[in-house]
Amino acid sequence: MTQSAVLTGLHLMMSDFNAPIPPLAEEALEGCREFARRGIPLELVLRGVRLGHAHLTRGLAAGVEEHVPADQRLAEMRRIEDLLFTYVDAHSSVMAEEYIAERDRWRGSDEAARRAVIDEVLAGRPVDQEAAALRLRYDLSRTHVAAVLWSDGTASSAPAAEHLYRAASNMARALETARTLIVPAHDNDVWAWFAVGGENADDLIRSLPSSLPQPAGVRAALGPPAPGPRGMRRSHMGALQAQRMALRGSEYWLCDYRNIRLAALVTADSERARWFVQEVLGPLAAEGGRLRELRETLRIYLAEGRSPRTAAERLHIARNTVTYRVKRAEELLPTATTALSSLELRVALEIANASPTGTSAVN
């Protein structure tokens, strides 16, 4: 939205002063609608416009100071200020009109009522389950698995929202869900809840990353299964934590909270987590594919009770390869680490594993 408005304004400055003000780009209009749907006050939206105007003016003034001859600077700054004022004044009115129209539509829509119920559930407030189920067309008493889906910017020609809804629907089918609730969250996110049950539900959830092909341009995060309205909130919070970890650089398109919950917990304070990993792993914490391979082998080896055979089976490599990599990894560990409990070493490896590019990704 901001980029579109700035580019339009810069293009206007390169044209004739008397040229008509170009219409506001669709990206900017959609941004206003999204602000209205999210309940962001109009005064804050317009304040953002004013701040952007001021920031752009300062940047252009610096450019004039550097590139325009001294005897032409005053005239050029007056021209810029006149153009920007006219441009921002015209577009602020259009943005306000679009915001108000969308706010009125949204307040009277079924989607707004549904979102209000979801907001109450996610805030942890008590809700009338029967009334909420009728409004959401979703049974809150079931066991829920929440998901967050977002576009990575590489999707095809399909609109982002349509692409994400289709991916969520495919996930629901793969999980054999009794009911599904899908709602838009932000420009680039969709939230979903899947009502799961049956003896094979847990197996279906765990196999989802391998059983469901990655939708083009879509990434996703899953929360843990949890029952009832509180379970909806619990699973959703887990999905958000999984999304946070996935955005750190996960190489997988689908991140399951249960696979990263320890790393999510201990990286809540990212700076302290980074210090911990560097202190415990030393040179083994550095970036690079070879070091990542050594860390992962040592992590699986410790998780499997220091069994080279079991670790080799999990990693699909030879037992001798496991032994060699573990020995090499241990050689890179600081001397002080050998005196630590295996728990601390395992926690450090889990944190590093959640940040595939090394500890620099823990931020």
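In case you missed it, the structure is sitting above this.
Peer 1: Help me out: how do you make sense of the overall build of the protein chain in this one?
Peer 2: Along the protein chain, the regular secondary structure elements total 15 helices and six strands. In the protein chain, 70% of the contacts between residues at least 6 apart in sequence involve partners at least 24 apart. With an accessible surface of roughly 19,400 Å², the protein chain has 53% of that area assigned to carbon and sulfur atoms.

Peer 1: Got a minute to help me understand the environment of Pro308 in this structure?
Peer 2: With respect to the helices, strands and loops of the structure, Pro308 is situated in helix α13 (residues 308-315). When the C-alpha atoms of Pro308 and Ala318 are compared, they prove to be 9.0 Å apart, with 10 residues separating the residues in sequence. Discounting residues that sit within four places of it in the chain, Pro308 has contacts with Tyr301, Arg319, Val322 and Thr323.

Peer 1: Where do I start with the environment of Glu344 in this structure?
Peer 2: Tracing the chain through its elements places Glu344 in helix α15 (residues 342-354). As a C-alpha pair, Glu344 and Val280 span 64 residues in sequence and 7.7 Å in three-dimensional space.

Peer 1: How should I be thinking about the pairing of strand β3 (residues 189-196) in this particular structure?
Peer 2: The buried fraction of β3 amounts to eight of the eight residues, a majority that puts the element mostly inside the structure. Every second residue of β3 is oriented toward a common face, with Asp189, Trp191, Trp193 and Ala195 on one face and Val190, Ala192, Phe194 and Val196 on the other, all of them buried. The pairing of strand β1 (residues 143-151) with β3 spans eight bridges and is antiparallel. Residue pairing across strands places Val148 opposite Trp191, the latter belonging to β3.

Peer 1: Honestly, the layout of surface pockets in this entry has me stumped. Any pointers?
Peer 2: Gaps between atoms show up when a probe of the same size as a water molecule is rolled over them. As a volume, the largest pocket reaches approximately 970 Å³. Around the largest pocket sit 32 residues that line it, and Tyr252, Asn259, Glu296, Arg299 and Asn353 are the ones nearest its centre. If you list the elements that add at least two residues to the lining of the largest pocket, you get α8 (201-211), α9 (228-246), β6 (254-256), α10 (257-266), α12 (289-303), α13 and α15. Here the element with the most residues in the lining of the largest pocket is α12; it accounts for eight residues. Looking at the lining of the largest pocket residue by residue, the classes come out as 14 nonpolar, seven polar and 11 charged.

Peer 1: How do you make sense of the environment of Arg328 when you look at a structure like this?
Peer 2: Along the chain, Arg328 falls in helix α14 (residues 319-332). Arg328 gets classed as partly exposed once you look at its relative accessible area, which sits at 32%. Residues Arg328 and Leu298 lie 30 residues apart in sequence; the distance between their C-alpha atoms is 9.5 Å.

Peer 1: So what exactly am I meant to see when it comes to helix α3 (residues 42-67) here?
Peer 2: Note: α-helices contain 3.6 residues per turn, so residues at a spacing of three or four share the same orientation. Between its first and last C-alpha atoms α3 spans 37 Å; for 26 residues at 1.5 Å apiece the expected length is 38 Å, and the two agree. When we look at burial in α3, the residues that qualify are Leu42, Val45, Val49, Leu56, Thr57, Leu60 and Val64.

Peer 1: Explain α13 here, please?
Peer 2: Considered for burial, the residues of α13 that qualify are Thr310, Ala311 and Ala312. Packing partners of the buried residues in α13 comprise α12 and α14. Immediately beyond the C-terminal end of α13, within one or two residues, lies His316, with a positive phi of roughly 60°.

Peer 1: Would you explain the pattern of salt bridges in this entry?
Peer 2: Any two side chains of opposite charge can pair, on the condition that their charged atoms come close. Taken as a whole, this structure holds 18 salt bridges when the rule is applied. We note a salt bridge from Arg79 to Glu76, for which the minimum N-O separation is 3.1 Å. One end of the pair is Arg79 and the other is Glu76, both in helix α4 (residues 73-107) and three residues apart, which spans about a single turn. Using a relative accessible area of 24% as the deciding quantity, one classes Arg79 as partly exposed. Since its relative accessible area comes to 24%, Glu76 is described here as partly exposed. Salt bridges sharing common partners tie together Asp202, Arg206, Asp256 and Arg258.

Peer 1: Would you take a moment to explain the side chain of Gln243 for this structure?
Peer 2: By the element assignment, Gln243 lies in helix α9. Exposure remark for Gln243: the relative accessible area of 11% places this residue in the buried category. Leaving out residues up to four positions away in the same chain, Gln243 has contacts with Val148, Trp150, Asp189 and Ala221.

Peer 1: Explain the nonpolar core here, please?
Peer 2: Soluble globular proteins tend to pack their nonpolar side chains together in the buried interior. With 29 residues, the main nonpolar core has Tyr138, Leu181 and Trp193 as its most contacted residues. At the level of elements, α5 (110-122), α6 (129-136), β1, β2 (179-186), β3, α9 and α10 are the ones that each hand at least two residues to this core. Tallying contributions element by element places α9 first for this core, with five residues. Dropping the residues within four chain positions of it, Leu181 is found in contact with Arg114, Ile118, Leu136, Tyr138, Trp191, Ala192, Trp193 and Met232. The next biggest cluster of nonpolar side chains, apart from the first, holds 25 residues, and it includes Leu298, Leu302, Val322 and Leu349.

Peer 1: Looking at this structure, I do not really get the pairing of strand β4 (residues 218-222). What am I missing?
Peer 2: Successive residues of a regular strand alternate their side chains across the two faces of the sheet. For β4, the buried fraction is high: five of the five residues fall into the buried class. Neither face of β4 is open: one carries Val218, Ala220 and Leu222, the other Arg219 and Ala221, and all of them are buried. Of the strand pairs in this sheet, β1 and β4 are connected by five bridges, and their pairing is antiparallel. Its bridge partner being in β4, Trp150 is matched across the sheet by Arg219. Relative to β6, β4 runs parallel, the two being bridged by three bridges.

Cut-offs used in this document
Residues numbered from 1 in each chain as written. Predicted model: local features only at pLDDT ≥ 70, side-chain atom pairs only at ≥ 80, totals over all residues. Heavy atoms only, no water. Helix = DSSP H or I, 4+ residues; strand = E, 2+ residues; numbered from the N terminus. Contact = heavy atoms within 4.5 Å. Areas by Shrake-Rupley, 256 points an atom, 1.4 Å probe, with all protein chains shown as cover. Buried < 20%, exposed > 50% of the residue type's maximum accessible area, 1.4 Å probe, protein only. Pairing = 2+ DSSP bridges. 1 Å grid on protein atoms, 1.4 Å probe; cavity = no way out; pocket = protein on both sides within 12 Å on 5 of 7 lines; lining within 4 Å. Points joined across faces, edges and corners; volume = space filled by probe spheres on them. Nonpolar A, V, L, I, M, F, W, Y, C, P; charged D, E, K, R; others polar. Expected span 1.5 Å × (residues − 1). Salt bridge = Lys/Arg side-chain N within 4 Å of Asp/Glu carboxyl O. Core = buried A, V, L, I, M, F, W, Y, C linked by side-chain atoms within 4.5 Å.

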